[in-house]
Amino acid sequence: MRVTARAAMPLILLAALLFSINTQAHQQKAGLSHVLFNPRTGNIEVMHRFYIHDAEHAVRQIFDPKADILASAETAEQFAQYVQERFSLLDTDGSPLKLGYVGQEQDSGFIWVYQETPIPQSLSGLSVVNNILRDVWEQQSNLVNIERSGTIQSLDFSANVQWLSVSFDE
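Residue numbers here run from 1 along each chain, matching the order of that chain's written sequence. Given that the model is predicted, a residue must reach a pLDDT of at least 70 before its local features are reported, and side-chain atom pairs must reach 80 or more before they are shown or counted; all residues, however, enter totals for whole chains, interfaces and linings. The side-chain figures draw on all heavy atoms in the structure; neither hydrogens nor water molecules are used.

Engineer: Just to check I follow, could you spell out the environment of serine 124 for this structure?
Structural biologist: Helix and strand assignments follow DSSP, with helices taken as H or I runs no shorter than four residues and strands as E runs no shorter than two, numbered in order from the N terminus. Secondary-structure assignment places serine 124 in the loop between strand E5 (110-118) and strand E6 (125-130). Along the sequence, serine 124 and aspartate 91 sit 33 residues apart, while their C-alpha atoms lie 8.1 Å from each other.

Right under this line is the structure:
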């Protein structure tokens, strides 16, 4: 039996669609945090973003096999608390900056967790500890973008990396 390119096109499209659906259903095991020095508010604002799918799998392992972030505000808050416990900012002396919890929300397939702290008077660098979901999956990778005065520095937390630092030009 001979199949022409024209006849094979619907099969190719169907296979591509099934592949893309299957890919989206798998865990990404990647988180993104944005640390913004906001001169208008005088705060360092931290925004953590995780795929809902990953967070759902994680809370079922961490808290309860029946946990459901989408259906339970309590579970979403538990996840936010978990995020706060595994992320820290430290000044150049190694003293932790006290991050206050602002809230969490779900948007377009992601769960966001927000924190903030006042910008210290003098800060020539920042150390970051990011172990979010890394105790759940060895493959978890967390990218932290630090934005200050229009400059962005990125830190990649993967493998066995526990903390990383950046320096600021004054």
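Okay, back to it.
Engineer: Can you walk me through the nonpolar core in this structure?
Structural biologist: One broad rule of soluble globular proteins: the nonpolar side chains tend to lie buried together. Working definition of a nonpolar core: buried Ala, Val, Leu, Ile, Met, Phe, Trp, Tyr and Cys residues. They are joined through side-chain atoms within 4.5 Å. For the exposure calls, accessible area comes from a 1.4 Å probe over protein chains only, and a residue counts as buried if that area is under 20% of its type's maximum, exposed if over 50%, partly exposed in between. Counting 35 residues, the largest nonpolar core has Val35, Phe79, Phe87, Leu89, Leu126, Leu133 and Ile146 as its most contacted members. By residue number, the principal contributor to this core is helix H3 (residues 73-85), which donates five residues. Working rule for contacts: check all heavy atoms of both residues, and any pair within 4.5 Å makes them a contact. Discounting residues that sit within four places of it in the chain, leucine 126 has contacts with Val35, Phe37, Leu89, Leu90, Leu97, Ile146, Leu164, Ser165, Val166 and Phe168.

Engineer: Any chance you could explain the confidence of the model for the chain here in plain terms?
Structural biologist: Interpretation of the predicted coordinates at a detailed level should be avoided for regions scoring low in pLDDT. The predicted model of the chain has a mean per-residue pLDDT of 86, with 84% of residues at 70 or higher. Every residue gets a pLDDT, meaning the predictor's confidence in that residue, from 0 to 100. Across residues 1-24, where pLDDT falls below 50, the model places two contacts with residues more than four positions away in sequence or in other chains.

Engineer: How should I be thinking about unusual backbone geometry in this particular structure?
Structural biologist: Among all residues except glycine, the phi angle is most often negative; among peptide bonds, the trans geometry is most common. A positive phi angle, near 50°, is found at serine 108, a position not held by glycine. Along the chain, serine 108 falls in the loop between strand E4 (100-107) and E5. For serine 149, which is not a glycine, the phi torsion comes out positive at approximately 55°. Within the fold, serine 149 resides in the loop between strand E7 (141-148) and strand E8 (151-157).

Engineer: Honestly, the packing of aromatic side chains in this entry has me stumped. Any pointers?
Structural biologist: For any pair of aromatic rings, the description consists of the separation of the ring centres together with the inter-plane angle of the planes. Stacked, tilted and edge-to-face pairs are distinguished by plane angle, under 30 degrees for stacked and over 60 for edge-to-face with tilted covering the rest, among Phe, Tyr and Trp rings (Trp via its six-membered ring) whose centres lie within 6.5 Å. Taken as a whole and assessed by the stated rule, the structure comprises five aromatic pairs. Judged by centre distance (4.9 Å) and plane angle (40°), the ring pair of tyrosine 51 and phenylalanine 110 falls under tilted. Here the residue tyrosine 51 occupies a position in strand E2 (residues 43-51), and phenylalanine 110 occupies one in strand E5, the gap between them amounting to 59 residues. By relative accessible area, tyrosine 51 is classed as partly exposed at 29%. For phenylalanine 110, a relative accessible area of 16% puts it in the buried group. Taking 6.0 Å as the distance between ring centres and 25° as the angle between the ring planes, the aromatic pair formed by phenylalanine 79 and tyrosine 82 counts as stacked. Of this pair, phenylalanine 79 and tyrosine 82 both sit in helix H3, three residues apart, which is roughly one turn of the helix. Residue classification places phenylalanine 79 among the buried positions, given a relative accessible area of 0%. Counting every residue linked through ring pairs, the aromatic cluster contains Phe50, Phe79 and Tyr82. Only when the NZ atom of a Lys or the CZ atom of an Arg is both within 6 Å of the ring centre and within 35 degrees of the ring normal do we say a charge sits over the ring. Over the face of the ring belonging to phenylalanine 110 we find arginine 49, whose NZ or CZ atom lies 4.1 Å from the ring centre.

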